[in-house]
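These are the residues of each chain, in order.
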Amino acid sequence: MTLREIVTPPNPTLRKKATKVRAVTPAIQALADDMVETMRAAPGVGLAAPQVDISQRVIVVEFAEGNPDEPDAPELPPKLFVVINPEITRRSHETIVGTEGCLSLPGLMGNVERNEWVTVKGLNRQGQPFKKKVRGWLARIFQHEIDHLDGILFIDRATEIYKVEESTTSDSESPLTYPPLAPEDAPKNP
C-alpha cells in the first residue's frame, strides 16, 4: 500500500465526472487499498478516487455507526466500506443540515443540507454486489464522497462556508465568501 497525494483545486480531476470502473482488477483493488491508507493517514472518514487524481468511480468510507445521542452507549469500532461504481438509488424526503469539511479543501468548513438517509448500491472490493441503507452521519459521508465522483465539492452545496485556522481558540472560524463557479465549470446536479 502506498500513501497518495490528496489533490486540491485547481486540479481539474476534482471537477470532472469520474469514469465507471469496467472490471474490478488487481489495479482497482490496489487503488482502494492505497485510498484507505491515505484516508486514515490524513485523517479522514471518506475519500473518493478523484481526490487522489484518479478519475474512476471508487470511494472508501470508514465510520463508526452508532447513536451519538446516547452518551452511555458503547463505542462501536468503525466499519470500512470500499464501494466501486456507487450510486444512490433511494433517498429520504427529510433533510438535515450539518457541518462538513473535505480533505481536498483544507481549512474550509461549511453547512450543507443532505438527505437524512440514502440507499447506496455498487460493487464491493471483490466485485460482488453491495447495497446498504445508511442514515445520519454515515449517509452524509456517502453523499459527500459520491458527489466527488460527479465533480461536485461540498462548497457547491454549502449555505455558509467558513475558513478554519489551525488554532484552539473559538475565534478560529470566520465566514468566508467563496467565488461562484464559472458557468462552464459548474457541475451538473445528478
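Here the structure is shown first, and the text comes after it.
Counting restarts for each chain, with residues numbered from 1 along the sequence as it is written. Reporting of local features is limited, given that this is a predicted model, to residues whose pLDDT is at least 70; pairs of side-chain atoms are given and counted only at 80 or more, and all residues count toward the totals for whole chains, interfaces and linings. Water and hydrogen atoms were dropped before computing side-chain values, which therefore reflect all heavy atoms in the structure.

Engineer: Go over the packing of aromatic side chains with me, naming the residues and quoting the values.
Structural biologist: Only Phe, Tyr and Trp rings take part, Trp by its six-membered ring, and two of them pair if their centres are within 6.5 Å. Stacked means planes under 30 degrees apart, edge-to-face means over 60, and tilted covers everything else. Considering all chains together, one arrives at 2 aromatic pairs under this definition. Consider the rings of Phe 81 and Phe 130, whose centres lie 6.1 Å apart with planes at 70°: the pair is edge-to-face. Of this pair, Phe 81 sits in strand β3 (residues 79–91) while Phe 130 sits in strand β7 (residues 129–135), and the two are 49 residues apart along the sequence. For every residue, the accessible area (1.4 Å probe, protein chains only) is compared with the maximum for its type, and the residue is labelled buried under 20%, exposed over 50%, or partly exposed between those bounds. Among the residues examined, Phe 81 registers a relative accessible area of 8% and is labelled buried. Ring plane angle 65° and centroid distance 5.6 Å describe the contact between Phe 81 and Phe 142, whose orientation is recorded as edge-to-face. Of this pair, Phe 81 sits in strand β3 while Phe 142 sits in helix α2 (residues 136–149), and the two are 61 residues apart along the sequence. We classify Phe 142 as buried; its relative accessible area is 0%. Through pairs of rings, three or more aromatic residues link up here, namely Phe 81, Phe 130 and Phe 142. Across from the ring centre of Trp 137, 5.1 Å away, lies the NZ or CZ of Arg 140, which sits over that ring. Secondary structure counts use DSSP, requiring at least four H or I residues in a row for a helix and at least two E residues in a row for a strand, with both numbered from the N terminus. Note on geometry: a ring has a charge over it if NZ (lysine) or CZ (arginine) is within 6 Å of the ring centre and within 35 degrees of the ring normal.

Engineer: Residue-level account of the sheet that holds strand β2 (residues 58–63), with values.
Structural biologist: Paired through backbone hydrogen bonds, the strands of a sheet run either parallel or antiparallel to each other. In this scheme, strands are said to pair when DSSP sees at least two bridges between them. Read across the sheet, 5 strands follow the order β1-β2-β3-β6-β7 without closing on themselves; strand pairing throughout is antiparallel. Each of the sheet's edge strands pairs with one partner strand only, and the pair in question is β1 (46–48) and β7. Along the sheet, successive strands turn relative to each other by an average axial angle of 40°, direction set aside. Two strands pair when backbone bridges link them, and strand β6 (residues 117–123) and β7 are joined in this way by 7 bridges, in the antiparallel orientation. Where helices are involved, their axes are fitted lines through C-alpha atoms of the stretch in contact, as for all axes, and angles between N-to-C directions lie from 0 to 180°.

Engineer: With reference to specific residues and values, describe the nonpolar core.
Structural biologist: Grouped burial of nonpolar side chains is what soluble globular proteins tend to show. The biggest cluster of nonpolar side chains holds 17 residues, and the ones touching the most others in it are Ile 59, Val 61, Phe 81, Val 120, Val 134 and Phe 142. Looking at which element gives the most residues to this core, the answer is α2, with 6 residues. Here, residues are in contact when the closest pair of their heavy atoms is within 4.5 Å. Discounting residues that sit within four places of it in the chain, Val 134 has contacts with Glu 116, Trp 117, Val 118, Val 120, Ala 139 and Phe 142. Among the nonpolar cores identified, the runner-up in size contains 15 residues, and Leu 47, Ala 49, Val 52 and Val 60 belong to it. Note on terminology: a nonpolar core comprises buried Ala, Val, Leu, Ile, Met, Phe, Trp, Tyr and Cys residues joined through side-chain atoms within 4.5 Å.

All we've got here are geometric facts, nothing functional implied.
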